[in-house]
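Chain residues, written in single-letter form:
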Amino acid sequence: MIDAGGPYGIATGPDGALWFTLVHQGRIGRLVPGQDPVIHQLDPADGLPTVIVPGPDGAMWFTEYKGGRVCRITADGQVTAHVTSSPYGLVAGPDGAMWFTQLETGKIGRIGPDGALTSFDVPVEGGMPSFITTGPDEALWFTLNQGNAIGRITLSGEVSIHPLPTEGAAPVGITLGPDEALWFVEIGAGQIGRIDASGKITEYPLPDRTARPHAIVRGPDDALWFTEWGANRLGRITVDGTIDEHPLPEFEQAEASEGGAEGEGAARKGEPHGLTVGPDGAIWVALEAGALARFP
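Residues numbered from 1 in each chain as written. Predicted model: local features only at pLDDT ≥ 70, side-chain atom pairs only at ≥ 80, totals over all residues. Heavy atoms only, no water.

With respect to empty space enclosed by the protein
Taken as a whole and judged by the stated rule, the model has one cavity of 30 Å³ or more. Its boundaries defined by the atoms lining it, the largest cavity holds a volume of some 40 Å³. What lines the largest cavity is G13, P14, D15, W19, G58, A59, M60, I73, T74 and A75. Tallied by class, residues from the lining of the largest cavity come to six nonpolar, three polar and one charged. (1 Å grid on protein atoms, 1.4 Å probe; cavity = no way out; pocket = protein on both sides within 12 Å on 5 of 7 lines; lining within 4 Å. Points joined across faces, edges and corners; volume = space filled by probe spheres on them. Nonpolar A, V, L, I, M, F, W, Y, C, P; charged D, E, K, R; others polar.)

As for the confidence of the model for the protein
Averaged over every residue, the pLDDT of the protein is 95; the share at 70 or more is 95%. This stretch, residues 254-263, has a pLDDT under 50; its non-local contacts, to residues over four places away or in other chains, come to 22 contacts. (pLDDT = per-residue confidence, 0-100. Contact = heavy atoms within 4.5 Å.)

What to know about the pairing of strand 24 (residues 243-247)
Bridge analysis of strand 23 (residues 233-237) against strand 24 gives five bridges, and the strand direction is antiparallel. Residue pairing for strand 24: I237 is matched across the bridge by I243. Where strand 23 folds back onto strand 24 in an antiparallel hairpin, the turn is made up of five residues, including G241, whose phi is positive at roughly 95 degrees. (Pairing = 2+ DSSP bridges. Helix = DSSP H or I, 4+ residues; strand = E, 2+ residues; numbered from the N terminus.)

Let's talk about the layout of surface pockets
Considering only enclosed or pocket space, the largest pocket measures out at about 650 Å³ in volume. Lining the largest pocket are 30 residues, and of these V53, T175, I216, V217 and L275 sit closest to its centre. Every element with two or more residues in the lining of the largest pocket is listed here: strand 1 (7-12), strand 5 (49-54), strand 9 (87-92), strand 13 (129-134), strand 17 (171-176), strand 21 (213-218) and strand 27 (272-277). Partitioning the lining of the largest pocket into residue classes produces 19 nonpolar, 10 polar and one charged. In this structure, the second largest pocket is lined by 13 residues; those nearest its centre are Y88, N145, V172, I187 and H214. When the residues that make up the lining of the second largest pocket are grouped by side-chain class, the tally is eight nonpolar, four polar and one charged.

Written as structure tokens, this is what we have:
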């Protein structure tokens, strides 16, 4: 359990620790497996810290969606903020810069090593660029949640769009797979998608199309692992499309951080969001109900 709040994003840092965002409490946590977590309170605390990733500079970087900040945090908790609009997804690019999506303004932003901030328009009205990752081709790839498409942006800012075959797919998480293709989740359609560098798209329906997959990462076994927010499960898909699923913990309502069913002792689903490969080689999942789950 994480008593300090509800984890949302999670990533392994260069310091061998798990770093995670406590979205509703405005906090950043750091956990070395087997030890107690260290919690850093943000000021102000109402920025909704969401996605967190390692930077190219030995620090961790995270987005504050509501607060309009992309922030850098050092191992001892020192925070530097860059002001921008509605940042959400975030990744260290191949050029040593931090690249991020701007959910509401429909742009892709870049913070250079010198701190200079630039942004590039995505030519999809109301597309809501969400997660972003580095591709195999020295470009960045991102999901357009309301644009029902996958986007690609070069380091010089040229954007191309690949529409998805399934209507209402609402893609969210995206990651580079072991096969040099991009793998993504379709929260609206209950599918896992794959797009190669040429733009060819393949979709794999989940056994439960209402599972609401959210985030996806490459696992240590060269499969893709993803969270099923609506079904409270951890999923795994191989590069040939074989899918298996694993249940995640539930919690008593009295222990939950917020929301959920009424009544003390009522079960509350874990609400899995982000996931990462931990420093111990296991899959770690951020459960917004108030915990980090380790698999296996």
